[in-house]
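# Commentary on secondary and tertiary structure
The lines below spell out each chain.
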Amino acid sequence: MNKAIRVALWAVSGTSLCLMTACSSSQSAAFMALRNVARPNAAIDSSPLNPKLTYLRVTVNDKPLLMVLGYVDRSSSEWPEQVWYSASGEVLRLRAGRLAGLVGTPVEWRSVRWPAGLPAWGAEPVSPAPYKRLLDEMPGYRLGVEDTLRLQAIAPPGSTAWRGSASADVRWYQEVPSSGSTSARYAVRQTASGAVPVYGEQCLAADFCLTWQSWPPLPKTTP
């Protein structure tokens, strides 16, 4: 695809998402400014960061890049969504640490919904109740794709894109879909104010996998 066309499509995707979530003009301006901040770089783990911005380290099929927090969508009081931008125009949304939307990539999850809500992190029930996820996927105009998920605590995995030292206050979870597609995995940090998701990984297709991690890595806590 012609580069100019790709840029135009990414811009339209970002603008459409902004309109759907009632972004303000200042948030749109922030998006344009952020496009020049977090460019893909093989050495991003050692790149200097702007202390005024909040970063997310993302890998797409093992290729790393940085994304910057544009704003937090609080239209849902129970589950506010973080909206992250890349320098190339991709937009990623996270809700309670889970992928809630992704546009501007070869595979897009335009919208993700959990009709009955999400289980809380840290509860670790012995037999967690299953919950449903609905999503709209492109290409293919696959709308309302339904899956039933089950969350379970797991031991720290041996192979992930996690960067930084392991910490005793981080717990790992696996989200298993009934459809047989690839499970998602998450790392959640236990803090005095509650559980905070700090890492996630999800395959949207057999040849398209994504990871995200709070960046820079959180320091280890002392006992």
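Scroll up a little and you will see the structure.
Residues numbered from 1 in each chain as written. Predicted model: local features only at pLDDT ≥ 70, side-chain atom pairs only at ≥ 80, totals over all residues. Heavy atoms only, no water.

## A few points about the overall build of the protein
Scanning the protein from N- to C-terminus turns up two helices and 12 strands. Traced from its N-terminal end to its C-terminal end, the protein shows the element sequence α-α-β-β-β-β-β-β-β-β-β-β-β-β. By residue count, 42% of the 223 residues in the protein fall in the buried class. Restricting to contacts in the protein with at least 6 residues of sequence separation, those with at least 24 account for 44%. (Helix = DSSP H or I, 4+ residues; strand = E, 2+ residues; numbered from the N terminus. Buried < 20%, exposed > 50% of the residue type's maximum accessible area, 1.4 Å probe, protein only. Contact = heavy atoms within 4.5 Å.)

## Describing empty space enclosed by the protein
With a probe scaled to a water molecule rolled over the atoms, the places where space remains empty come into view. Applying the stated criterion across every chain, the model contains two cavities of 30 Å³ or more. Taken together, the residues of the lining of the second largest cavity sort by class into five nonpolar, one polar and three charged. (1 Å grid on protein atoms, 1.4 Å probe; cavity = no way out; pocket = protein on both sides within 12 Å on 5 of 7 lines; lining within 4 Å. Points joined across faces, edges and corners; volume = space filled by probe spheres on them. Nonpolar A, V, L, I, M, F, W, Y, C, P; charged D, E, K, R; others polar.)

## Regarding the pattern of salt bridges
For the coordinates displayed, the defined rule picks out 10 salt bridges. Arg95 is the salt-bridge partner of Glu81, the closest N and O atoms lying 2.5 Å from each other. Here Glu81, found in strand S3 (residues 81–85), pairs with Arg95, found in strand S4 (residues 91–95); they are 14 residues apart in sequence, far enough to count as distant. When sorted by exposure, Glu81 lands in the same class as Arg95, which is buried. Across the pair Glu175 and Arg98 runs a salt bridge whose closest N-O atoms are separated by 3.1 Å. (Salt bridge = Lys/Arg side-chain N within 4 Å of Asp/Glu carboxyl O.)

## Some details on the environment of Ser179
Along the chain, Ser179 falls in the loop between strand S9 (170–177) and strand S10 (184–191). Between the C-alpha atoms of Ser179 and Glu146, which are 33 residues apart in sequence, the distance is 9.0 Å. At 2.6 Å, the side chain of Ser179 and the side chain of Asp147 are in polar contact. (Polar contact = N/O pair within 3.5 Å; in protein donor to acceptor, adjacent residues only side chain to side chain.)

## Notes on the state of the cysteines
As used in these notes, a disulfide is a covalent bond between sulfur atoms, one from each of two cysteines. Inspection of every chain in the model, using the stated rule, returns one disulfide. Between the sulfur atoms of Cys203 and its disulfide mate Cys209 the distance is 1.9 Å. Since a negative S-S torsion denotes a left-handed disulfide, the Cys203-Cys209 link at about 95 degrees is right-handed. Residue classification places Cys209 among the partly exposed residues on the basis of a relative accessible area of 24%. (Disulfide = S-S within 2.5 Å.)

## Considering the layout of surface pockets
Considered as a void within the structure, the largest pocket measures approximately 420 Å³ in volume. Secondary-structure elements contributing two or more residues to the lining of the largest pocket are strand S1 (55–60), S3, S4, strand S11 (194–205) and strand S12 (208–215). In terms of residue count, the dominant contributor to the lining of the largest pocket is S11 (five residues). Looking at side-chain class alone, the lining of the largest pocket contains 15 nonpolar, five polar and three charged residues.

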